[in-house]
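Coordinate inspection notes
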Amino acid sequence: MSKSNSLNSDIKSMKLYRHVDRVLTELQYLGKSEQTPLSASELSPFDQLHYHGTESVDEAIRATGITASSSVLEIGSGLGGPARHIAATAGAKVTALELQNDQDELASHLSARCGLAEKVAHVCGDFLTHEWSTLHFDVIVSWLALYHIPERNVLLERCYGLLQKGGYFFTEDLYARKEFTDWERSELATELFANCLPDYDTYLQDLKTAGFELVSAEEMSDDWAVFTRERLAAYRAHKARHIDVHGEAVFTAMEHFYDVVVRHFSGGKLGGIRIVARKA
Ligand SMILES: C[S@@+](CC[C@H](N)C(=O)[O-])C[C@H]1O[C@@H](n2cnc3c(N)ncnc32)[C@H](O)[C@@H]1O
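Structure report, in brief. Computed from a predicted model, the values in this text were never measured in an experiment. (Residues numbered from 1 in each chain as written. Predicted model: local features only at pLDDT ≥ 70, side-chain atom pairs only at ≥ 80, totals over all residues. Heavy atoms only, no water.)

Attention now goes to the pairing of strand E7 (residues 270–279). In terms of burial, E7 is largely enclosed, as 9 of its 10 residues are buried. Alignment of strand E5 (residues 163–176) against E7, held across 9 bridges, turns out to be antiparallel. Paired with alanine 176 across the bridge in E7 is leucine 270. Of the pairings in the sheet, the one linking strand E6 (residues 212–219) to E7 comprises 7 bridges and is antiparallel in character. Note that in E7 the partner of glutamate 218 across the bridge is arginine 274. (Buried < 20%, exposed > 50% of the residue type's maximum accessible area, 1.4 Å probe, protein only. Helix = DSSP H or I, 4+ residues; strand = E, 2+ residues; numbered from the N terminus. Pairing = 2+ DSSP bridges.)

In the region of the ligand, 23 residues are neighbours, and Leu49, His50, Glu74, Glu98 and Gln100 sit closest. One of the side-chain N or O atoms of histidine 50 is found 2.6 Å from an oxygen atom in the ligand. Here glutamine 100 contributes a side-chain N or O atom positioned 2.7 Å from an oxygen atom of the ligand. Residue classes in the shell around the ligand are distributed as 10 nonpolar, 9 polar and 4 charged. (Near = heavy atom within 4 Å. Polar contact = N/O pair within 3.5 Å; in protein donor to acceptor, adjacent residues only side chain to side chain. Nonpolar A, V, L, I, M, F, W, Y, C, P; charged D, E, K, R; others polar.)

If you look at the biggest cluster of nonpolar residues, it comprises 31 residues, and the most contacted ones within it are Tyr147, Leu174, Leu192, Leu197, Phe265 and Leu270. Secondary-structure elements contributing two or more residues to this core are E5, helix H10 (221–237) and helix H12 (248–266). It is H12 that contributes the most residues to this core, 9 residues altogether. Listed in part, the 30 residues of the second largest apolar core include Val23, Ala40, Ala63 and Leu79. (Core = buried A, V, L, I, M, F, W, Y, C linked by side-chain atoms within 4.5 Å.)

Pairing in this open sheet of 7 strands is mixed, and the strands run E3-E2-E1-E4-E5-E7-E6 from one edge to the other. Sheet topology places strand E3 (120–124) and E6 at the edges, where each strand pairs with a single neighbour. Across the sheet, the axes of successive neighbouring strands diverge by a mean angle of 15°, strand direction being ignored. The strands touched by helix H4 (residues 53–64) within the sheet are strand E4 (137–143), E5 and E7, with E5 carrying the most contacts at an inclination of about 145°. Its contacts with the sheet place helix H9 (residues 200–209) against E5, E6 and E7, and it is angled at close to 160° to E6. (Axes fitted to C-alpha atoms, helices over the stretch in contact; angles between N-to-C directions. Contact = heavy atoms within 4.5 Å.)

What follows concerns H9. Within H9, the full set of buried residues consists of Tyr203, Leu204 and Leu207. Along the axis of H9, the buried residues cluster in a sector spanning 90°; they form a single face. When the buried face of H9 is taken as reference, the exposed residues oriented beyond 90 degrees from it are Asp201 and Thr209. Buried residues along H9 sit in contact with helix H7 (152–162), E5, E6 and E7. Where H9 begins, the capping side chain belongs to aspartate 199, and its oxygen is found 3.3 Å from the backbone nitrogen of aspartate 201. Directly beyond the C-terminal end of H9, a positive phi value near 110° is found at glycine 211. (Arc of directions from axis to C-beta.)

Put simply, H4 and helix H5 (residues 81–90) touch, their axes get as near as 10 Å, and they point 60° apart. One finds that H4 runs oblique with respect to H5. Considering the relative orientation of H4 and H5, their crossing is right-handed. On H5, the residues touching Thr54, Val57, Asp58 and Ile61 of H4 are Pro82, His85, Ile86, Thr89 and Ala90. Looking at the contact of H4 with H5 residue by residue, the classes come out as 5 nonpolar, 3 polar and 1 charged. (Parallel < 35°, antiparallel > 145°, perpendicular 65-115°, else oblique. Left-handed = near helix turned anticlockwise from the far one by under 90°.)

We now examine the pairing of strand E1 (residues 71–75). Summarising burial for E1: 4 of the 5 residues are buried, a large majority. Pairing analysis gives 5 bridges linking E1 to strand E2 (residues 93–98), with the strands arranged parallel. Looking across to E2, one finds that leucine 73 is bridged to threonine 95. In this region the chain leaves E1, passes through H5 and returns to the parallel neighbour E2; the handedness of that crossover is right-handed. Strand direction decides the pairing type here: E1 and E4, joined by 3 bridges, are parallel. Opposite leucine 73, over in E4, you have isoleucine 140 as the bridge partner. (Right-handed = clockwise from strand over helix to strand, strands pointing away.)

Here you go:
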């Protein structure tokens, strides 16, 4: 098995990435057939796999100055939600790089259904090894994907190399607020597929070492602890509806995932960070 293929299967230990067709089930439930016109905003309740949905993507657009003439790379684009929102609202061209084949294929299908195939280029690959030939981007964005990727130095070197001079880097990501026990680390490795959780100072220092100028760093931990607690409570409150629409297996997997995340944020060791940096 190639390194990317084995990453592809290992990452499925994180239950958020099973049952990716949940989004299609939601569309069917809304009575949207393949032939019905679809907009990116109709999909956004289901296709944003990070916290605060399109609000956070709007923040990235504002903070990095994305406009219709920007070329944007999203690392770890999932179902394509943030990429479509950037393309639909700012008019920018977005390259959406995603490791998992099933998510990439579904993302591509959804972008086509939203009439955004020209604006969003879906690419399946591992950011650590993907060949970009001569491409360069004005902005690189990433939501809750970088902590999956080992070799932070290679990751940041590649980001720096792919950006135009003066280009912006935005990420919302996870980090370690305190030392984890071996058991916690092992659970995070399986249930969240966490492969890189530096502490806050190391996170910032690694960016500077790679050559980036730090524009802002925001501590998101408390906010995300509240968000994820409310998400779990809302999911449980609608248990009957979710089982009716998606079936028991999907409900159990999602509830389990949401619960693990709440436990780790509430425990005070898992943290969230929002970074804006620039290639000077
Ligand atoms: C939590 S999801 C977020 C998806 C999307 N950014 C969003 O907010 O809706 C993180 C994504 O990063 C992808 N990913 C993880 N490692 C990657 C890698 N080495 N190269 C490309 N994508 C990767 C995962 O497959 C997953 O779909």
